[in-house]
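Here is how the chains run, residue by residue.
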Amino acid sequence: MHELKDLMITKIAVGPMDNNAYLLRCRATDEQLLIDAANEAQTLLGMIGDDGIAAVVTTHQHGDHWQALAEVVAATRPRTYAGRDDATGIPVPTDVLVDDGDVIRVGQVELTARHLVGHTPGSIALVYDDPHGHPHVFTGDCLFPGGVGNTRKDPKAFASLIHDVEAKIFDVLPDETWVYPGHGNDTTLGAERPHLPEWHARGW
């Protein structure tokens, strides 16, 4: 759990692929938002608690990121968000189709969506630019410690993803930015930035 001045961030790993789900809670209003209802619906609902969630964001269409979505939506009735170009691949209706630069709010906190193409056509990352500290970015499967997401050995997909991750994440956010990926451990942009040339050279 990260307790920021305006936002509480709770991380939990669920399912056979250890998907990360993130619960964001606005400290001023207690409104909550869930990123990736990936699996283990009862575990997620226990984390959400009696206050429910106002919104759930699915970072991309791959099935390991929405296994619990239908059950969580049925139990909490939130607004559903997903990238415009991935929504048709998610078997729960998307209320809000998200484009690059769109703002998603949880209480008084604003998250900016960045459309990152390559892992899937409509993957989105969410950036919280904390006015009291460094930014935080929820990258789904587009950026991990050690590299960008899987592009299935497709050179065009890799070129697209590395370009978008550099242009929309690394080029505009500082080294202190905390990165919350869709699987595994957190990292920072500063820890990953020196390795960008290696990623380009290896092509994944």
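In the block above lies the structure referred to throughout.
All of these numbers come straight from a predicted model, not from anything done at the bench. (Residues numbered from 1 in each chain as written. Predicted model: local features only at pLDDT ≥ 70, side-chain atom pairs only at ≥ 80, totals over all residues. Heavy atoms only, no water.)

### A closer look at the pattern of salt bridges
The final tally for this structure, using the stated rule, is nine salt bridges. Taking the shortest distance from any N to any O, the salt bridge between Asp186 and Lys11 comes out at 2.6 Å. You can see Asp186 sitting in the loop between strand S14 (178–181) and strand S15 (187–188) and its partner Lys11 sitting in strand S2 (residues 7–14), a full 175 residues away along the chain. Residue Asp186 is classed as partly exposed on the basis of its relative accessible area, which comes to 23%. A salt bridge links Arg193 to Asp175; the shortest N-O distance between them is 2.5 Å. In this pair, Arg193 sits in the loop between helix H4 (189–192) and helix H5 (196–202) while Asp175 sits in the loop between helix H3 (155–170) and S14, placing the two residues 18 residues apart along the sequence. Overall, Arg193 belongs to the partly exposed group, its relative accessible area being 26%. Accessibility expressed as a relative area gives 36% for Asp175, which makes it partly exposed. (Salt bridge = Lys/Arg side-chain N within 4 Å of Asp/Glu carboxyl O. Helix = DSSP H or I, 4+ residues; strand = E, 2+ residues; numbered from the N terminus. Buried < 20%, exposed > 50% of the residue type's maximum accessible area, 1.4 Å probe, protein only.)

This is a description of form; function is not addressed.
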